[in-house]
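# Tertiary structure, described
Residues per chain, in single letters:
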Amino acid sequence: HNLAIRENGSLVAWGRNDAGQTNIPPAATNNVLGIAAGDSHSLVLLGSRTVVAWGDNSFGQSTVPQGLNGVSAVAAGREHSLALRTNGIVLGWGFNAYRQATPPAGLSNVVAIAAGYLHSAALCSNGTVVVWGDDTYGQTNVPPGLSNVVAIAAGDFHTLALRTDGSVIGWGDDSYGQTNLPSNLINVFAIASGY
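Because the structure is predicted, anything quoted here is derived from the model rather than measured. (Residues numbered from 1 in each chain as written. Predicted model: local features only at pLDDT ≥ 70, side-chain atom pairs only at ≥ 80, totals over all residues. Heavy atoms only, no water.)

## Remarks on the sheet that holds strand β11 (residues 129-133)
Strand order in the open sheet formed by 3 strands is β9-β10-β11, with antiparallel pairing between adjacent strands. With one partner strand each, in any of the chains shown, β9 (110-115) and β11 form the two edges of the open sheet. Going from strand to strand, the sheet's axes swing by 20° on average, the running direction of each strand aside. Two elements, strand β10 (residues 119-124) and β11, share 5 bridges in a ladder whose sense is antiparallel. What sits directly across from His119, in β11, is Gly133. (Pairing = 2+ DSSP bridges. Helix = DSSP H or I, 4+ residues; strand = E, 2+ residues; numbered from the N terminus. Axes fitted to C-alpha atoms, helices over the stretch in contact; angles between N-to-C directions.)

## A word on unusual backbone geometry
Of note, Asn31 is a non-glycine position whose phi angle comes to about 60°, a positive value. The topology assignment puts Asn31 in the loop between β2 (11-14) and β3 (32-37). Its relative accessible area of 44% is what places Asn31 among the partly exposed residues. Its identity as a non-glycine residue notwithstanding, Arg99 has a phi of 65°, on the positive side. (Buried < 20%, exposed > 50% of the residue type's maximum accessible area, 1.4 Å probe, protein only.)

## What about the sheet that holds strand β7 (residues 80-85)?
In spatial order, the strands read β6-β7-β8; together these 3 strands make up an open sheet with antiparallel pairing. Looking at strand neighbours, the two that pair on one side only are β6 (71-76) and β8 (90-94), the edges of this open sheet. Across this sheet, the average inter-strand angle for adjacent strands is 20°, counted without regard to direction. Examined bridge by bridge, β7 and β8 share 5 bridges and lie antiparallel to one another. Looking at β8, one finds that His80 is bridged to Gly94.

## Side note on the environment of Ile191
Within the fold, Ile191 resides in the segment after β14 (168-172). Other than its neighbours up to four places away in sequence, Ile191 contacts Ala151, Ile152, Ala153, Leu160, Ala161, Leu162 and Val168. (Contact = heavy atoms within 4.5 Å.)

## Details of the pattern of salt bridges
Per the stated rule, a full pass over the model turns up 2 salt bridges. The salt bridge partner of Asp18 is Arg16, with a shortest N-O separation of 2.7 Å. Between Asp39 and Arg78 there is a salt bridge whose closest N-O contact spans 3.9 Å. With a gap of 39 residues between them, Asp39 in the loop between β3 and β4 (41-46) and Arg78 in the loop between β6 and β7 connect regions that are remote in the sequence. (Salt bridge = Lys/Arg side-chain N within 4 Å of Asp/Glu carboxyl O.)

## Details of the pairing of strand β12 (residues 149-154)
The buried count for β12 comes to 5 of 6 residues, which makes it a mostly enclosed element. Across 5 bridges, β12 lies against strand β13 (residues 158-163) in antiparallel orientation. The residue of β13 that forms the bridge with Ala153 is Leu160.

## Quick notes on the pairing of β3
For a regular strand, side chains alternate in direction, first toward one face of the sheet and then toward the other. Here β3 pairs with β4 via 5 bridges, running antiparallel. Bridge pairing in β4 links Gly34 to Leu45. Remark: 3 residues form the turn of the hairpin made by β3 and β4, two consecutive strands paired antiparallel.

The analysis is restricted to geometry; functional conclusions fall outside its scope.
Here it is in C-alpha cells:
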C-alpha cells in the first residue's frame, strides 16, 4: 500500500487494504507532517508531534505507546514501528523477536531512522550509523569506520548509507545485487530501499 501527503497536510492512502491499512482514521486526515508504511500498517506524524497508527495490529505495531509526543520522524518495518523524538531518542513497538523494536541502550543524538523487515537503523548527529535487530544477512553489521553519513535507508534484509561526498555504502543481503553498488553511483543526494 501507499501513503502520500498533499501540500495542505491532508493524507491519501491507496493499494492493498486487507488489514485496513488504507482506511485513514479521522485523527489522521489533516495536519500530517510525516508518513511511514509497514507491510500492513500505517503511521503518520501530525503537526502536534504525536503519532497515529492503524492497520494490522497482530503484534501491537499499530498501538502507539501512551503519552508519545515530541516526535520528529516515524518509520515502519514489517510488523514493528519506530518514532524519533525531538530530543534524539528512538522508541519502538510491535513485533520484537529480533529486538528490532528495542533500540540499543544508550542510543542518543539520533537525527534519522529507518526500519527494514526485521531490523532498524539510526543515523546519529555525528554522522555515524547504528543498526539493530535481525542480522541473518549481515544487515546490522555496519562497515567499520563508516562516518560522514547524512541519510540512511533500510531494505528488507540490507541497509544503505549516503555519505556527505555523495557516495553510497550498502551492506547485508546481496542475493540480487542490492548491495553491489554501480561504479558510476556518484553525486547522490537521496536514497530509498525496498524488498
